[in-house]
Amino acid sequence: MIDFLQNEIVYYIICGVLTLVVLLGISLMSKVKTAVLGNRLSAVAMLLAIVLTLIHYGIISDITVLIICLVTIALGSLIGIYLAVKVKMIQMPEMVALFNGFGGAASAIVGACTMFTYSSKFELATAILALIIGALTFTGSLIAAGKLAKIINGRPVKWKAHELITTSTLVLLLIATVVTIVFDFNSQVMLILMLITLALSSFFGVAFAIRVGGADMPITISLLNSFSGVAGSIAGMAINDILLVAVGGIVGASGLLLTQIMCRAMNRSLLDILLGKTSVASTNKKKIEKDNNDRIDTNIKENVDPVEILRNAKNVIIVPGYGMALAQAQHLVKQLAHKLEQNGAQVKFAIHPVAGRMPGHMNVLLAEADVE
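Residues numbered from 1 in each chain as written. Predicted model: local features only at pLDDT ≥ 70, side-chain atom pairs only at ≥ 80, totals over all residues. Heavy atoms only, no water.

What follows is about helix α6 (residues 121-148). In this model α6 runs 40 Å from its N-terminal to its C-terminal C-alpha over 28 residues, within 8% of the 40 Å that 1.5 Å per residue would give. Of all 28 residues in α6, 22 are buried; the element is thus mostly enclosed. Positive phi appears at Lys-150, one or two residues downstream of α6, with a value of about 65°. (Helix = DSSP H or I, 4+ residues; strand = E, 2+ residues; numbered from the N terminus. Expected span 1.5 Å × (residues − 1). Buried < 20%, exposed > 50% of the residue type's maximum accessible area, 1.4 Å probe, protein only.)

Have a look at this one:
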C-alpha cells in the first residue's frame, strides 16, 4: 500500500481528487443548510492530505521523525479543539485572523528552511517569497486580531511619513531578495540575509495592518487570508509539493474574491481601505447624529407607536447588525419573527455581506437560532 501511494502518477491523481474535494467543500459552505457538510468534507480532505504527504515522502518509514510529526499533530489538534469549544461566536473574527497568521508563519518557516537546502534558483526565489509573504501575513494578522479583540487601539493608526516608511521597506526587501538570488553565499551570510528579510517583511506586516481600523478590519482579515494561501502555494513551489501549491492557490483565490465582494458591498476601494482613508470625518459624524436626532424628534411629535406599526405590518424585513451580534440577541430576533408570522406577516431577513464582524458571521449567528 505504501509503495502504491509513493508512485508519482498515483500521488498526482490523489492530489487532484483531494483538491476537488476541497473545492466542493467550499462550494457547500456557501449555503447555510450544507455549510456543516462542506466544512467537514474540507477538513477530512486536509487530514487525508497530511497522511498522503507523510506516506509519499517516506516520512512514515522514519520512526523518529514520524513520532515528532504525530506528537505535534496531536498538540495542534488539542489546541484547535480547545479553541473551538472555548471561543465565543462574537470572538470568531479575531480567531480567524490568528489562523491566517499561523498559516503565514508556517509558510515563512518552510521558506526560511528551504533557503538553506535549495537545489535551484527557482526554489530559492520561491522560498524567499514564501518567507516574505508568510511573515507579513503573520504580523499583520496579529495586529488585526489585536484590534478586533481590543487589545490594541482599533482605530486607524498613521505614522509620520507612513507611505515613505512602507515604500522604503518594500525597496529594501526587493534589494535583499535580488542580492540573495543572484549571488551564492555561504550558510552564515545566508542566515544574516534570511534574518534581515524576516525582520523587514514582519515590520511591513505591522505597518500594513496598523493603519486600517474600525469596520474595515474584516476586509483586511479577508485579504490576509488570501495572503496566507498565496504564501502556502509559493512554499509548495519551493519544496516541489503540488498538493500544497493547489490548496494554497484555492485559499489565495477564494480570499481575494471575498475581499473584492466585501469592498463592493461597502462601496469602498481596497486601496483606500489599506491606506486608512475610509474613516468617517468628524463633520460627517455630526451631520449623521443631527439627522438621526431630527428623525427621532419627528417620530415623537407624530406619536408613532412602533408596536402598532409591527402589529399592523404585513411584510417585514429584519436587517440585523453588529448590535445584535454583540448582544447575542439572535434568539430574541427569531422569537420576534415568529410572533410576527403568527400575526399574519411575511418576514424576511436581509443580511449585508459584511454584517456582524466578518463575512458570514451574521449568517452563522442567525443559524444558531434556526433562521434559514
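Now, onward.
Take the pattern of salt bridges next. Counted under the stated rule, the structure contains four salt bridges. The partner of Asp-184 in a salt bridge is Lys-121, with the nearest N and O atoms 2.9 Å apart. Highlighted residues: Asp-184 in the loop between α7 (162-182) and α8 (187-210) and Lys-121 in helix α6, separated in sequence by 63 residues. According to the relative accessible area criterion, Asp-184 is exposed, its value standing at 63%. Note that Lys-158 is salt-bridged to Glu-163, the shortest N-O span being 3.5 Å. By sharing partners, the salt bridges in this structure join Lys-158, Glu-163 and Arg-211 into a single network. (Salt bridge = Lys/Arg side-chain N within 4 Å of Asp/Glu carboxyl O.)

What follows covers the confidence of the model for the protein chain. Low pLDDT marks regions whose predicted coordinates should not be analysed in detail. A residue-level look at the protein chain finds 90% of positions with pLDDT of 70 or above and a mean pLDDT of 86. Confidence, expressed as mean pLDDT per element, reaches its minimum in the protein chain at helix α12 (residues 282-301) with 55 and its maximum at α6 with 94. (pLDDT = per-residue confidence, 0-100.)

Let us look at the nonpolar core. Counting residues in each nonpolar core, the largest one holds 35 residues, and the members touching the most others are Met-115, Leu-131, Ala-144, Phe-208 and Ile-219. Elements supplying a minimum of two residues to this core: α5 (92-114), α6, α8, α9 (217-238), α10 (242-265) and α11 (270-274). Excluding its chain neighbours within four sequence positions, the residues that come into contact with Phe-208 are Thr-220, Leu-223, Leu-224, Phe-227 and Leu-274. Counting residues in hydrophobic clusters, the runner-up holds 19 residues, among them Val-316, Ala-329, Leu-340 and Ala-355. (Core = buried A, V, L, I, M, F, W, Y, C linked by side-chain atoms within 4.5 Å. Contact = heavy atoms within 4.5 Å.)

Looking now at the packing of aromatic side chains. Here the structure, examined in full by the defined rule, presents five aromatic pairs. Summarising the aromatic geometry, the rings of Tyr-11 and Tyr-12 are spaced 5.8 Å apart at their centres and angled 50° between planes, so their arrangement reads as tilted. Residues Phe-208 and Phe-227 carry aromatic rings whose centres are separated by 6.1 Å and whose planes lie at 40° to one another, so their mutual orientation is tilted. Highlighted residues: Phe-208 in helix α8 and Phe-227 in helix α9, separated in sequence by 19 residues. Taken together through their ring pairs, the aromatic side chains of Tyr-11, Tyr-12 and Tyr-57 make up a single cluster. (Phe/Tyr/Trp six-rings, centres within 6.5 Å; stacked < 30°, edge-to-face > 60°.)

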